[in-house]
Every structure is written in structure tokens, then in C-alpha cells.
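# Descriptive structure summary
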Amino acid sequence: MNTYQINKIKNWFHISWQITSKCNLKCRFCEVPERFKSYKEISSRKAINFIKKLKEIDNCRIFWGGGEPLLREDLFYLSNYAKKLGMSIGFVTNGVLLKDKVNDILECGINLVVVSIDGSSPVIHDFHRGVKGAYTNAIEGIKCLLTYRKNISEPSIAIATVATHYNISDLGNIIDLAAKLGVDAIFIRPVQPPSSGKGCDFALSPNEVSMAIDVIQQKKNEYEGIIHIQASEVYIQHFRNIGRWNINSNLKCFAGKNFLHITPKGEVYPCWQFDTCTAKYNI
Ligand code: SF4
């Protein structure tokens, strides 16, 4: 098991950090690039200063998101700095630039790479992601990374799938694809169209949520020991709530205790679900 264990980590502290809002895709259910485009991205210096502060926290892992983190020129500089301080580093990418960054990823010792794949073929994936060729690039990137990490245990490689009205019938095929590719894990999340209403036609109906849960559970049995499919009781509950944490449920919430979220503007929140409120702290 590598240092950014996919499944269970005890006493971890997870920083979900949207290091940029820039993106090279146009996903139909995402408003991040649009929402933050008029704000200045935080500088390398500010990011480094904040990483220094994180040094005080035991078992800290930073997970870069965006936007597309591989568009940020100092991504590996920041990652290297954090790695030298003993932190684990992961990131999520749409995969378009992945093939070209494989050397940087391996040299830096990135612990986890998560690639977004929303369809088992270009038709659905490229429709979701708004740009032709997105699927081919992402799959090529995954294959390249898998080839080059052959004799080492890191990075862990996972696929992240946004489950929507338009790919729900393809969900089983996407899990099959992930297993066939040989990635370590697949994380499936229900789409959460932004409050602006953009992409609201992508939302899952209650029936589709049930369908998704059935497929996830069935595939979990089929691929036991082959690929990690996120399907714990807590996770299924999360899926039933369509990705929103239900504060009335008795499930444990880590926000602010083991989890922080940072926006492209540098605002710090206990969880991304609060990121439309005014932040009390900005890095
Ligand atoms: S790749 Fe990510 S940041 Fe870019 S448009 Fe899609 S969901 Fe948004």
C-alpha cells in the first residue's frame, strides 16, 4: 500500500485545494472556470507559505483540483515542496495533458492520480466534457502512466466518474473499462449541478440513483480483489443524498476536523459545500 492509501487512512488530514480555475475542457455541469475567471490566482509564494503552515499538521495530504491542475505551471514545484515536508500529494485531472506530464509525476513522487472518465467510449465522455478528443487523450494518458509506473508502487491511479442522467446506463461499462485498464480504483460520484442551474438536466432522478447503487454493488462483488470500487455504507448513503452531506444523518462528518477546502481565490473552508458563503480566512 502506498503512502496515499486509497481506502482507509487513520488520522489523516486532507486538504482539497483548487489550485487553479483555468481549464481546457467545457464540462456541461461545471461552472468553476466561469465563476472564478475574474479573480487572480494565488501566487506560488502565497501557496508555499501556506504549505509551510501545513507542516505543523501530522499526516497531511494535499489533493490538487481545479480547474485543471496540470495547467498550473508551478504544480510540480509546489508538490515537490510539500513532499519534502513529508506530505502526500494527489491530484485530479481531466487527462488531456496527462501523457505529457508522466515524467514530472514520477520524478516528483506524486502519490495519487485521479483521472475523470465519464463514459466507456468517446461519445458519452466527450459529450459530458464538451470537447472532442477528451476521451482519447485521457485514456492514452492513463495507459502511459500505467506503463511507466510498472515497477514502482506509486502513484496509485484511479478513475473518477460523475454519474449523470446521460451516462447512467453506461456506468457498468465504465467500471468494466476501469478494471480492464488495470487502474487501482474507481470513484463514482453523483453529479451536483451548480446553484446557477447550469447542467440541471444532468441530475439523477431517484430511480437513477437506485440504478447507480445497484450497479456499483453488483460490480463491487464481481471485481472484489481486482479493483477498489467505492461502495461503503457511508458512501452509498452519500450517493442517496445526491452527494450532499445530510447534517441530520448520524454519519461522521470530517469537515474542519480532518478536512479543509481551498478555492482558486485562496479562501479556506471546512468543506466545499460552504464555498458560496463568505470565507473567514484567505491564504
Ligand atoms: S475538467 Fe473539471 S474544471 Fe474543467 S470544466 Fe470539467 S469539471 Fe470543470
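Each remark here, short or long, concerns the structure printed above.
Parameters at a glance
Residues numbered from 1 in each chain as written. Predicted model: local features only at pLDDT ≥ 70, side-chain atom pairs only at ≥ 80, totals over all residues. Helix = DSSP H or I, 4+ residues; strand = E, 2+ residues; numbered from the N terminus. Buried ≥ 20, exposed ≤ 12 C-beta atoms within 10 Å, placed from the backbone. Contact = placed C-beta atoms within 7 Å. Near = placed C-beta within 6 Å. Nonpolar A, V, L, I, M, F, W, Y, C, P; charged D, E, K, R; others polar. Pairing = 2+ DSSP bridges. Axes fitted to C-alpha atoms, helices over the stretch in contact; angles between N-to-C directions. Core = buried A, V, L, I, M, F, W, Y, C linked by C-beta atoms within 7 Å. Domains from an automatic or database assignment. Arc of directions from axis to C-beta. Parallel < 35°, antiparallel > 145°, perpendicular 65-115°, else oblique. Left-handed = near helix turned anticlockwise from the far one by under 90°. Expected span 1.5 Å × (residues − 1).

## Quick notes on the overall build of the protein chain
A count of helical and extended segments in the protein chain gives nine helices and ten strands. Relative to its 283 residues, the protein chain shows a buried fraction of 37%. A separation of at least 24 residues holds for 73% of the contacts in the protein chain among residues at least 6 apart in sequence.

## Description of the site of the ligand
Around the ligand, the structure places Cys-23, Leu-25, Lys-26, Cys-27, Cys-30, Val-32, Pro-33, Gly-66, Gly-67, Glu-68 and Asn-94. Looking at the shell around the ligand residue by residue, the class counts come to six nonpolar, three polar and two charged.

## Section: the sheet that holds strand 9 (residues 267–269)
Ordered in space as 7-6-5-4-3-2-1-8-9-10, the ten strands form an open sheet in which the pairing is mixed. The open sheet has two free edges, formed respectively by strand 7 (228–229) and strand 10 (281–282), since each of these has just one partner strand. The sheet contact formed by strand 8 (residues 259–262) and strand 9 spans two bridges and is antiparallel. For Ile-262, the partnering residue across the bridge sits in strand 9 and is Val-268. Where helix 7 (residues 171–181) meets the sheet, its contacts fall on strand 5 (156–163), strand 6 (185–190) and strand 7, and the angle it forms with strand 5 comes to roughly 170°.

## Brief notes about the nonpolar core
The biggest cluster of nonpolar side chains holds 61 residues, and the ones touching the most others in it are Ile-62, Val-113, Val-115, Ala-138, Ala-178, Val-183 and Ile-186. Broken down by element, this core gets its largest block of residues, six residues, from helix 6 (residues 134–148). The residues that make up this core include at least three from each of domain 1 (11–90 + 252–283) and domain 2 (94–251). Here Val-115 is in contact with Thr-93, Gly-95, Leu-98, Ala-138, Gly-141, Ile-142 and Ile-159, once residues within four sequence places are set aside.

## A few points about the environment of Ser-205
In this fold, Ser-205 is placed in the loop between strand 6 and helix 8 (206–222). Along the primary structure Ser-205 and Thr-164 are separated by 41 residues, whereas in three dimensions their C-alpha atoms are 9.1 Å apart.

## Here's the deal with the pairing of strand 1 (residues 13–18)
Relative to strand 2 (residues 60–65), strand 1 is paired through six bridges, and the arrangement is parallel. Its bridge partner lying in strand 2, Ser-16 is registered against Phe-63.

## Overview of helix 3 (residues 75–84)
Along helix 3, the positions that sit buried rather than exposed are Leu-75, Leu-78, Ser-79 and Ala-82. The buried residues of helix 3 occupy one face: seen down the axis, they fall within an arc of 100°. Turning to helix 3, the residues buried within the fold contact helix 2 (44–54), strand 2, strand 3 (88–93) and helix 4 (98–108).

## What to know about unusual backbone geometry
In this chain, Gly-66 is followed by Gly-67 through a cis amide linkage whose omega measures 15°. For Gly-67, the location among the structural elements is in the loop between strand 2 and helix 3. The step from Glu-154 to Pro-155 runs through a cis peptide bond, and the omega angle for that step is 5°. Structurally, the position occupied by Pro-155 is in the loop between helix 6 and strand 5.

## Some details on the pairing of strand 2
Among the six residues in strand 2, six count as buried, and that is most of the element. Burial along strand 2 is two-sided: Cys-60, Ile-62 and Trp-64 facing one way and Arg-61, Phe-63 and Gly-65 facing the other are all buried. Where strand 2 lies against strand 3, four bridges are found, and the strand directions are parallel. Among the inter-strand pairings, Phe-63 is bridged to a residue of strand 3, identified as Gly-90.

## Thoughts on the packing of helix 2 against helix 3
Where helix 2 contacts helix 3, the two axes come as close as 10 Å, and the packing angle between them is 20°. Comparing the axis directions of helix 2 and helix 3 gives the class roughly parallel. Crossing handedness for the pair helix 2 and helix 3: right-handed. The segment helix 2 lies against helix 3, with Ser-44, Ala-47, Ile-48 and Ile-51 engaging Tyr-77, Leu-78, Tyr-81 and Ala-82. Per-class residue counts for the contact of helix 2 with helix 3 are seven nonpolar, one polar and no charged.

## Digging into the environment of His-165
Here His-165 is to be found in the loop between strand 5 and helix 7. Taking the number of C-beta atoms within 10 Å as the measure of exposure, His-165 has 15 and is therefore partly exposed. Sequence-wise, His-165 and Ser-205 are 40 residues apart; in three dimensions their C-alpha atoms are separated by 7.5 Å.

## Concerning helix 6
A rise of 1.5 Å per residue sets the reference length of helix 6, with its 15 residues, at 21 Å; its end C-alpha atoms lie 21 Å apart and thus fit the reference within 8%. Here helix 6 has its buried residues at Ala-134, Tyr-135, Ala-138, Ile-139, Gly-141, Ile-142 and Leu-145. The buried residues of helix 6 occupy an angular sector of 155° when projected down its axis, which confines them to one face. Next to the buried residues of helix 6 lie helix 4, strand 4 (112–116), helix 5 (122–129), strand 5 and helix 7.

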